[in-house]
Amino acid sequence: MIPEFEKFKGFSAKTLPKDEIVAPGHRACQGCGEMLALRMAMKALGKDIIVANATGCMEIVTSPFPQTAWTVPWLHVAFENAATVASGIEAARKVLARKGKIPKKHIDIVAVGGDGATGDIGIQWISGAFERGHDMVYICLDNEAYMNTGVQRSGCTPYGAMTTTTPPGKESFGQVTWKKNVPAIMAAHGIPYVATASPAYYVDLMNKVKKAALVKGPAYVHIYSPCPTGWGSPGEKSIEIARLVVETRVVPLYEVIEGKYILSRKINKPKPVTDYLKTQRRFKHLKEEQLAYIQKRVDEEYDRIVKLSEMD
Amino acid sequence: MSKRVGVEVSIAVADAVKLARAEVISAYPITPQTHIVEHLSDVVANGELDAEYVPVESEHAAMSCCLGASAAGARTFTSSSSQGLSLMSEILYHPGPMRLPVVMVVANRALAAPISIWNDHNDIMVQRDIGWIQTFAENGQEAVDLLLHAYRVAEDPKVSLPFIVNIDGFTLSHVIEPIILPDQEDVDAYIPSFKPHVKLDPKKPVTMGPVGIPEVYTEAKVAHEMALRASKKVIIQGWKEFAGKFGRQYNPIETYRMDDAETVLVTMGSISETAMTAIDAMRDEGQKVGLLRIRLWRPFPGPEFRKAIGKTVKTLAVIDRTISTGASCGPVSAELRSILYKMPGRAPKIFGFVAGLGGRDVTVDTFREIVDKANLYAKKRPTDLYEVIGVREK
C-alpha cells in the first residue's frame, strides 16, 4: 500500500477548499465539463503547485495575454510535451533544492492535457516521463475529440460518434474504432497510481487527484469531461451526462494502485447505454446494429475491469 | 593553474559544461554529439557535477525538458545534431521569446536524405531564424571558450536569451587537440550564479507562454527581435571580459592577412584553419588573398563585417556549407549580399560557393580552386548564381 494515503482522510462536500486555483472570468463555453473538472482537480491540489499545460481548450481559454485565470505558477509550451516540460521543472527543483537555492518544501508538479495531447500526439512524451519516474501528476481531461480546433476525431473519440472528421454518411456511421484505452496504457508503465474520474462524482475526482499528488513518482488521472459544444448536448446537462456515463458503465470509475485495479463504484444495475447516447447529438445517427454492438462491447469492457479488480 | 592538455574536443566541451556548473542536462544521443553527453553523464555519475541528468526519449523532449528546467530557474544544457535538431525544431522557437537562457552545443551534421552522419551546416542553417544567439567555433580551444562565453551572455539580465555554440561534427567534435581548461574559480567569477528575473515559483505565481492574440503577437515578436539585436553589445563585452580573465580575445568577425588583400575568402567554423593554411601558401606565391571568418552568426554583425572589409578588397568568395535548395545562393552568401547592398561607397564583388557537403573534405586545394574561380568571375561574369565545388561528373 502507499504509505502517503494513510493520513489522507479525503474531501467531503462540506469541507471543500475555498481557493480558486483557476479563477472565474476565463473564456470556456457554457456548461464546459472540462473546466468544471479542471476547477475541482485544482481545488484538490491547492496553491503549492506548478502547472505545465498542453496546448488545447484549457490553455487557450485561461491565458489570452494580458489576462490569466491562473493563480498558481503556470507554463504552456506546446501540444505534445507538457509531461516533459513538467519533467524539466521537477528536475530543476530537485537540483536547486539540493544546492540550497530554493526551499526544500515539496511542490507538486502537475501536467494537464486533453485527450489529443495525452492519448495521441503526446503519448511518447508522457511515456518517457513516466518511464523515468519523475514525481508528477498528469491530468488528462478527456472530451473525446479535438474540440479546440473544431471537433475533429481523436483516438479517444468513442465508437460511432460523429465528429467533423468522422461524419456519418452513405458509407460511414461516424467513428469506426473503439475508444483507445489510455488509462491502461499509462498503467502498463508500472507507475504507482492511475485513476479514472468523472466531474459528476466530484468528491471522488478530488480524492483521486489528491492521491495522485500524494504518491511519490508519476501518477495519472483520466477525467471524463463533457463538451456541450462538441457533443451537441445542452450546457445544463453536462453533470447529468457525466453521471449517466458512469451509471451505464460506459466509463468505469476505478483506481490502479501499484498495479492493483480497484473499482471505485460498482454499477450493479446498469442503465442501458442508449440512455447515455441519446443525450448527445453526436450519437443521434446510430442504428440498432451499432447500438447493440456498443451495449455488448461496453458490457465486455466493464466485465474485464471487474475481473481485473478481483485479481490479487 | 590551468594547463594545456591533449583532449578530444567533445570531452573538453563537456568539461566546460561542468566548469559552467550546469544544473539540468537533458539529451538524446545522436552522432556526432554523443561523446559530449556521454562524458557529462560520467561527471554527474561520479559526483563531479551536482546536476540532474535527464536521459529523455527524443531531442524534442530534450529541448522541452531544458525549457521547463530553465523556467523553474535552473542552468540548463543540451546538445544535438542533424535529424535531432530538426526534431527539436518546434520547441527551438520557444525559449527566445520566452527569454529563457537555454544553452546548447550543436555538433553540425548534414541532413537526410540521403542520410549522412558527416559534417556540414545544413542542420543549423534551417534553424537560423529560431531567435537564439549563435556562434561558430574554429577549433577545440574556441569551442570551450565559446561555451563558457555562452553562459556568461545568455544569462546576463540584459540579454536573457538562448544560445547555441556550433562545432563542426567529427572534423572538430572528434579530434584531439591541445586545449587549456580554465580553473574553476576563474570560471565561477566569469559566470555568476543564474538569477532569472522571473521563474515558476508558488510564492510569486506567473503565467508563462500565454496566448498571443493579434493585438499583442507582433509586439511580442518585435520585443524578441530587439532583445536579440541588443545582445550584441553584451556578446562583445563578454568576450572582452573573457580576454581580461583568460587571455584569449574573440571578436564577432576575425580577419587573417587582410592587409592589401584583394580576393578574400569568407568562412565559418573549422574549415577556417585550412583556409589560413591555403592563404599562407597563396601569399607565398604573391597572391593578395585574405580571410574573413564569421564567429557570431546571430545576431549578424553587419557593421563589424563591413568594417572588416578593407579598402583594397575587390572580391569576396563566400563559402556556404549547405545548399539553400532553390534559392539564389547559400544562406551565408545571402546574408552578406544583403548587408553589402547597404555598404557605403563601392562594395566588393561577391561570389557564392558551396563546399564540404556531408563530410566531403575541404582541402587547401579546394580554397585555391575557389580563389581562382572568384578571380576569374571578377573578370568574366559567371553563368550560375553560385557554384558547388568538386561535384563529380561520374
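The shown structure was predicted, so the numbers you read here are calculated from the model rather than taken from an experiment.

All right, on to the overall build of chain A then. Secondary structure summary: chain A contains eleven helices and ten strands in total. A compact globule built from 312 residues should have a C-alpha radius of gyration of about 20 Å, and chain A, at 19 Å, falls within 12% of that. By its C-alpha atoms, chain A is 65 × 50 × 40 Å across when sized along the principal axes. In chain A, which comprises 312 residues, the share counted as buried stands at 56%. Counted over contacts in chain A with a minimum sequence separation of 6, partners at least 24 positions apart contribute 70%.

Residue and element names in this part refer to chain B. Along its sequence, chain B is organised into domain 1 (4-246) and domain 2 (253-388). Taken over C-alpha atoms, the centre of domain 1 sits 28 Å from the centre of domain 2. With 25 residues of domain 1 at the interface, the matching set in domain 2 holds 20 residues. The set of elements that each furnish at least two residues to the side of domain 1 that touches domain 2 consists of helix H5 (122-125), strand E6 (133-136), strand E7 (163-168) and helix H8 (214-246). Residue contributions to the side of domain 1 that touches domain 2 peak at five residues, all from H8. A breakdown of the residues in the side of domain 1 that touches domain 2 according to their chemical character gives nine nonpolar, ten polar and six charged.

Frequently, the measure chosen for interface size is the accessible area that the parts lose on association. The interface of chain B with chain A comprises 38 residues on the first partner and 39 residues on the second. At the level of elements, strand E2 (24-27), strand E3 (52-55), helix H3 (59-71), helix H4 (82-92) and strand E9 (207-208) of chain B are the ones that each hand at least two residues to the side of chain B that touches chain A. Ranked by residues supplied to the side of chain B that touches chain A, first place goes to H3(B) with nine residues. Two strands pair when backbone bridges link them, and strand E2 (residues 74-76) of chain A and E9(B) are joined in this way by two bridges, in the parallel orientation. Bridge pairing links Leu75(A) to Met208(B) in E9(B).

Turning next to unusual backbone geometry. Leaving glycine out, the prevailing phi sign among residues is negative, and the prevailing peptide bond configuration is trans. A cis geometry characterises the amide bond from Phe65(A) onward to Pro66(A), with omega recorded as 10°. Its location among the elements puts Pro66(A) in the loop between helix H2 (57-62) and E2. Looking along the chain, the bond that leaves Arg298(B) and enters Pro299(B) is cis, with omega of -5°. Along the chain, Pro299(B) turns up in the loop between strand E13 (296-298) and helix H10 (302-308). Phi at Arg21(B) is positive, roughly 55°, even though this residue is not glycine. Within the secondary structure, Arg21(B) sits in the loop between helix H1 (9-19) and E2.

Residue and element names in this part refer to chain B. As a packed pair, H1 and helix H6 (residues 140-154) sit with axes 9 Å apart at the nearest point and diverge in direction by 20°. The angle between H1 and H6 places the two elements in the roughly parallel class. For the crossing formed where H1 meets H6, the hand is right-handed. Contact residues: H1 offers Val9, Ala12, Val13, Ala16, Val17 and Leu19, while H6 offers Gly140, Ala143, Val144, Leu147 and Leu148. Partitioned by chemical class, the residues of the contact of H1 with H6 number ten nonpolar, one polar and no charged.

For the rest of this paragraph, the subject is the sheet that holds strand E4 (residues 76-80) of chain B. All names here are of chain B. With mixed pairing, the seven strands of this open sheet are ordered in space as E3-E2-E4-E5-E7-E6-E13. The strands lining the two open edges of the sheet, one partner per strand, are E3 and E13. Pairwise comparison of adjacent strand axes, ignoring direction, gives a mean angle of 20° for this sheet. Sheet topology places strand E5 (residues 103-108) next to E7; six bridges connect them, and they run parallel. In the sheet register, Val105 faces E7, and the bridge partner there is Val165.

What counts and how
Residues numbered from 1 in each chain as written. Chains lettered and ligands numbered in written order. Predicted model: local features only at pLDDT ≥ 70, side-chain atom pairs only at ≥ 80, totals over all residues. Helix = DSSP H or I, 4+ residues; strand = E, 2+ residues; numbered from the N terminus. Rg over C-alpha atoms; globule rule 2.2 N^0.38 Å. Buried ≥ 20, exposed ≤ 12 C-beta atoms within 10 Å, placed from the backbone. Contact = placed C-beta atoms within 7 Å. Domains from an automatic or database assignment. Nonpolar A, V, L, I, M, F, W, Y, C, P; charged D, E, K, R; others polar. Pairing = 2+ DSSP bridges. Axes fitted to C-alpha atoms, helices over the stretch in contact; angles between N-to-C directions. Parallel < 35°, antiparallel > 145°, perpendicular 65-115°, else oblique. Left-handed = near helix turned anticlockwise from the far one by under 90°.

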